[in-house]
Amino acid sequence: MSASMDFSPAHMISTDLFRTKFKDMKVPHWCEKCGKEELLTPEEGFKAGYDGPWMYGLGSVSPRTCGNCSMEGTVWWKLAVEHKTVSELSESELKTLDRILHEGETLIKLAQENKEE
């Protein structure tokens, strides 16, 4: 995995678009700390305590945690609080970062699959 990643706004989906377009769709909610994953609507995820893209925008580097885990130690924490560079992240942290940056693509694919059903 490359340490240089595209952080451009073209990879981001705004929180407003996320809240409207995917409002009723079950989307992946996941915790980078404990590994918990659930398919929930954005509202269900919010109520369950997940930090995620509906709060910050898809593709934005922000914590991906469940209601039981803290933000400390997340990729966001390493970059924003510990001031690490992308090249200083571990291989698993780079995979998490890649997943965050490509969530928009994942959701577009899910939305297309839901249309076909």
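What you see is a predicted model, and the numbers here were worked out from it, not measured in a lab.

This part covers the nonpolar core. Within the largest apolar cluster, six residues are counted, these being V75, V86, L89, L94, L97 and L101. It is helix α5 (residues 91-101) that provides the largest number of residues to this core, a total of three residues. With residues near it in sequence (within four places) discarded, V75 still touches E32, V61, L89, E93, T96 and L97.

Here we take up the environment of S62. Tracing the chain through its elements places S62 in the loop between α3 (53-56) and α4 (75-80). Take S62: its relative accessible area is 3%, and that puts it in the buried class. Sequence spacing of S62 and G52 is ten residues, and the spatial spacing of their C-alpha atoms is 7.1 Å. A polar contact is formed between the side chain of S62 and the side chain of R64, at a distance of 2.5 Å.

Next up on the list: the environment of E93. Relative to the helices and strands, E93 resides in helix α5. In this structure E93 touches V75 and K78, once residues within four positions along its chain are discounted.

This part covers the side chain of H29. As for its position among the elements, H29 is in strand β1 (residues 27-30). What makes H29 buried here is its relative accessible area of 2%. At 2.9 Å, the side chain of H29 and the backbone oxygen of V27 are in polar contact. From its side chain, H29 meets the backbone oxygen of L40 in a polar contact 3.5 Å long.

Calculation rules
- Residues numbered from 1 in each chain as written.
- Predicted model: local features only at pLDDT ≥ 70, side-chain atom pairs only at ≥ 80, totals over all residues.
- Heavy atoms only, no water.
- Core = buried A, V, L, I, M, F, W, Y, C linked by side-chain atoms within 4.5 Å.
- Buried < 20%, exposed > 50% of the residue type's maximum accessible area, 1.4 Å probe, protein only.
- Helix = DSSP H or I, 4+ residues; strand = E, 2+ residues; numbered from the N terminus.
- Contact = heavy atoms within 4.5 Å.
- Polar contact = N/O pair within 3.5 Å; in protein donor to acceptor, adjacent residues only side chain to side chain.

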